[in-house]
Amino acid sequence: MRRRTALQVAPALAIGLATALIPFLAIRSFGHRHVMFTGQTHFSGVGLTALAAALASLVLTVQGARQRDGRTVLVGTAFSVMAALLALHGLATPGILIGMNGVVAFTGGATLPVGAAVLALSALPALRRPRSMWPLIVLQICLLVGVITLGLVGMLVPSAVPSVPATGSREAIALLVVGLGLFVLLGARALKTFLLTRRRADLVVAVGIVWLASALPPAMLMNYMELGWWLGHVSELLGIVVVGVPVALDLRRGAQSRPLVGDVCGADLVEAEEAFLGAQVRALTLCLARKDEYTEEHTRRVALRAVQVGEALGLAGGRLRALATGALVHDIGKLSVPDGILQKPGPLTDDEFEVIKRHPEWGDKMLIDLGFGDEIRHLVRSHHERLDGSGYPHGTEGSLIPLDVRILAVCDVYDALISRRVYRDAWTHERAVKLLREEIGTSFDARCVSALERVLAAEVVPAAAAV
């Protein structure tokens, strides 16, 4: 299963990597060519980049504040600071508005590292749903005032702002190392999010971050007479657009954008399946809800606990995504079970139970017709298999049952036991866990039972704290 997951995501990663490396390859191949662009070209080009950053900042700040999404407001703050620094960088172009000055070097060197630093802060947990948006708005205003003050002083008194960092100096190299480190952190977050969500938008953000990072070396190590210095400015403009657009689109759909934060977890996949797993999965869960509300609620609870157990056992992002999808649709075959059997207000007869036992195979066939991969279908058709071969529909046993299926089986049985049915009362948590423990080695995997207990214990602690 791991190999299939890797093969599914490999083409997208390969395309993303190739796209991300374009600026680096262009700068390395042509960067040291001598050029003689005018100051007016620099003034106009940087102005366009500043305008793009300002527009991104405005959209993200306004929409983030409306939706009380502190992280998005902070991303908007990063873009606003970058826009202000870029604007000063362009305005300070020698020979356009003023003569030689230190502002052009200072702002050119500070734009990307400062922007990266503010973007990196977006991972702070307190920013997810802050009590008030005003502290973030005030922070943005203060940073902008500071940048504007720097620009005014530097233009009115050019000698007041030192021309640092000088190209290739220790200061420039230090800024380069710090900035690249921050972009590596941001890129790793976006890549982690993509591996879990498989959303193209999250991969696009990762590519945009690499493009921003590619603008740093020429800014610190080259001068305006080298083509690489100009290519870096182009890469910076494209990076701002490519990072900002997916975040804005997420906001338009009413969802928090997470790639710069990298905190998407298995529970998020289950709770927002349409956003992260696709409209097809959402449509199937809605069909199941219309057929039998209890079954849909059961599958959602099972899916939530299954991904939490998967995380506790260290499942990689791709397998966790498949587990979330498979768990959400593991009972989809019950759409083919007659209502009189599925909703019978009492125990099933042997013949009726034989019909019920066919739902894993019916679900598997349905998912084949819908184009789902074998990794998810295997979860659907095998979630009633047991380690000792006593399960159904095929009596698979032992090592032939993957860890993902073992996780789903344990969570499925636990939820079924603690749920109240028409024909029996719900079991207590203690009684259900006792049964799982007794069946370790025969029906259930010890690791899965232990991990489920840890997940359930974590659910109880916050509830007790709230009381």
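Computed from a prediction, not measured in an experiment: that's the story for all the values here.

### Some points on the overall build of the chain
Step number 1: Check the secondary structure of the chain and you find 21 helices and zero strands.
Step number 2: In terms of overall dimensions, the chain has a C-alpha envelope of 90 × 50 × 35 Å along the principal axes.
Step number 3: Restricting to contacts in the chain with at least 6 residues of sequence separation, those with at least 24 account for 75%.
Step number 4: A total of about 21500 Å² of accessible surface is found on the chain, and carbon and sulfur atoms cover 65% of it.
Step number 5: Here the chain contributes 45 positive and 40 negative side-chain charges, whose respective centroids are spaced 6 Å apart.

### Observations regarding helix H19 (residues 403–418)
Step number 1: For H19, with 16 residues, the first-to-last C-alpha span of 23 Å sits near the 22 Å given by 1.5 Å per residue.
Step number 2: Across the 16 residues that make up H19, a large majority, 14, are buried.

### Concerning the pattern of salt bridges
Step number 1: Under the criterion given, the structure shown has 21 salt bridges.
Step number 2: Of the charged contacts, one joins Asp445 and Arg447 as a salt bridge, the two residues approaching to 3.1 Å between their closest N and O atoms.
Step number 3: Through salt bridges with shared partners, one network takes in Glu273, Arg282, Glu296 and Arg300.

### So, the side chain of His330
Step number 1: Locating His330 in the fold gives a position in the loop between helix H14 (317–328) and helix H15 (339–342).
Step number 2: The residues touching His330, leaving out its near neighbours within four places in the chain, are His298, Thr299, Val302, His359, Val380, His383, Leu408 and Asp412.

### Observations concerning helix H17 (residues 359–370)
Because an α-helix completes one turn every 3.6 residues, residues spaced three or four positions apart along the sequence face the same direction.
Step number 1: If you check H17, its first and last C-alpha atoms are 16 Å apart, about what 12 residues at 1.5 Å a residue would give, namely 16 Å.
Step number 2: Listed in full, the buried residues belonging to H17 are His359, Pro360, Gly363, Asp364 and Leu367. Buried positions in H17, seen along its axis, are confined to an arc of 140 degrees and lie on one side of it. Relative to its buried face, H17 has exposed residues pointing more than 90 degrees away, namely Lys365 and Asp369.
Step number 3: Just beyond H17, the residue with positive phi is Gly371, at close to 90 degrees.

The rules behind each value
- Residues numbered from 1 in each chain as written.
- Predicted model: local features only at pLDDT ≥ 70, side-chain atom pairs only at ≥ 80, totals over all residues.
- Heavy atoms only, no water.
- Helix = DSSP H or I, 4+ residues; strand = E, 2+ residues; numbered from the N terminus.
- Contact = heavy atoms within 4.5 Å.
- Areas by Shrake-Rupley, 256 points an atom, 1.4 Å probe, with all protein chains shown as cover.
- Lys, Arg positive; Asp, Glu negative; His and termini not counted.
- Charge placed at Lys NZ, Arg CZ, Asp CG, Glu CD.
- Expected span 1.5 Å × (residues − 1).
- Buried < 20%, exposed > 50% of the residue type's maximum accessible area, 1.4 Å probe, protein only.
- Salt bridge = Lys/Arg side-chain N within 4 Å of Asp/Glu carboxyl O.
- Arc of directions from axis to C-beta.

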